[in-house]
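Remarks on the overall topology
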Amino acid sequence: MKKLVFMLMALILPVSLFAAEAAEVEPSTGSEFVINLGTFTGIVTLVSSLVTQILKVIPAIKDNKLAKIGISALVGILVCLIAWGLQLTPLLENYPFYQVLIYGLAAGLSGCGFYDVIKAIGGLFKNKED
């Protein structure tokens, strides 16, 4: 058993040494917040973080699910329009205005979660039994 463990360690050790040399990472201060707007996921991440900060500033919105969805959709549209207007991302570069609006709406709804949207809209049509 000792020979097996020794053999496995002898095989793994050189590989880990080469991996340690190849993976040089610059030290980070931890205060950097980088979001890539070149992808749909990056835009959704930005929308989610902005909506979270808005909800921290206005705590009365946290209780109303439809207000959260509306704010998320509005922020998604605004982020995409600003990125399109300032040409910040090549992702939205060749789209006309109305497609950027639809893209922003999809990013906003993704930011708050499609499940929450469907659940909130379904709650409007649910029979309330008193």
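Remember, it's a predicted structure, so these values are computed and weren't measured experimentally. Counting of residues starts from 1 at the beginning of each chain's written sequence and follows it residue by residue. Local features are withheld for residues below a pLDDT of 70 in this predicted model, meaning they are given only at 70 or higher, and side-chain atom pairs are given and counted only at 80 or more; totals for whole chains, interfaces and linings count all residues. Each side-chain value is derived from all of the structure's non-hydrogen atoms; neither hydrogens nor water enter the calculation.

1. As for the side chain of T89
Selection rule: Per the convention used, a helix needs a DSSP run of H or I reaching at least four residues, while a strand needs a run of E reaching at least two, with both numbered from the N terminus. Pairs of N or O atoms are called polar contacts if they sit within 3.5 Å, as long as, within protein, a hydrogen donor faces a hydrogen acceptor (for residues adjacent in sequence, only side-chain-to-side-chain pairs). We call two residues contacting when some pair of their heavy atoms lies within 4.5 Å.
Here T89 is to be found in the loop between α3 (65-85) and α4 (97-112). Looking at T89, its side chain comes within polar contact range of the main-chain nitrogen of L91, at 3.1 Å. Not counting the four nearest positions on each side in its chain, T89 is found in contact with L37, G38 and A83.

2. Notes on α4
This is how it is decided: Expected helix span is computed as 1.5 Å times (number of residues minus one). For every residue, the accessible area (1.4 Å probe, protein chains only) is compared with the maximum for its type, and the residue is labelled buried under 20%, exposed over 50%, or partly exposed between those bounds.
Relative to the 22 Å expected for 16 residues at 1.5 Å per residue, α4 spans 23 Å between its end C-alpha atoms, a close match to the ideal helical length. For α4, every residue scored as buried is listed here: V100, Y103, G104, A107, G108, L109 and C112. Of the residues flanking the end of α4, it is G113, one or two places downstream, whose phi is positive at about 100°.

3. Details of the packing of α3 against α4
Our working definition: Fitted lines through C-alpha atoms serve as axes, helices being fitted only where they are in contact, and the angles separating the N-to-C directions of these axes extend from 0 to 180 degrees. By definition in this entry, angles of less than 35 degrees are roughly parallel, angles greater than 145 are roughly antiparallel, angles of 65 to 115 are roughly perpendicular, and the rest are oblique. Left-handed describes a crossing in which the near helix is turned anticlockwise from the far one by less than a right angle; the clockwise case is right-handed. Residue classes follow a fixed rule: Ala, Val, Leu, Ile, Met, Phe, Trp, Tyr, Cys and Pro count as nonpolar, while Asp, Glu, Lys and Arg count as charged, and any other residue, Gly among them, counts as polar.
Two numbers describe how α3 lies on α4: the axes approach to 7 Å, and their chain directions differ by 135°. The orientation of α3 with respect to α4, classified from their angle, is oblique. Here α3 runs over α4; the crossing is right-handed. The residues of α4 that touch α3, namely those facing I69, S72, A73, G76, I77, C80, L81 and W84, are F97, V100, L101, Y103, G104, L105, G108, L109, G111 and C112. Taken together, the residues of the contact of α3 with α4 break down into 13 nonpolar, five polar and no charged.

4. Re the packing of aromatic side chains
The following threshold applies: Aromatic rings from Phe, Tyr and Trp, with only the six-membered ring used for Trp, were paired whenever their centres fell within 6.5 Å, and each pair was classed as stacked if the ring planes differed by under 30 degrees, edge-to-face if by over 60, and tilted otherwise.
This model, assessed by the stated rule, comprises three aromatic pairs. Ring geometry for W84 versus F97: centroids 6.0 Å apart, planes at 55°, classification tilted. Linking W84 in helix α3 with F97 in helix α4, this pair joins segments that are 13 residues apart in sequence. With relative accessibility at 27%, the residue W84 sits in the partly exposed group.

5. Digging into the environment of A107
Inspection of the secondary structure assignment puts A107 in helix α4. The exposure class of A107 is buried, given its relative accessible area of 0%. Those residues in contact with A107 that sit more than four places away from it in its chain are F40, I43, V44 and V47.

6. A look at a nonpolar patch on the surface
Note the cut-off: Two joining distances apply to patches: 9 Å for like charges and 5 Å for nonpolar side chains (Val, Leu, Ile, Met, Phe, Trp, Tyr), and every residue must have over 30% relative accessible area and no salt bridge. Throughout, the Shrake-Rupley method with a 1.4 Å probe supplies accessible areas, and for residues the shown protein chains are the sole cover considered. A pair is scored as a salt bridge if a Lys or Arg side-chain nitrogen falls within 4 Å of a carboxyl oxygen belonging to Asp or Glu.
Residues M1, L4, V5, L8, M9 and I12 make up a contiguous nonpolar surface patch of roughly 650 Å² in combined accessible area. Checked against the element boundaries, V5 lands in helix α1 (residues 2-22).

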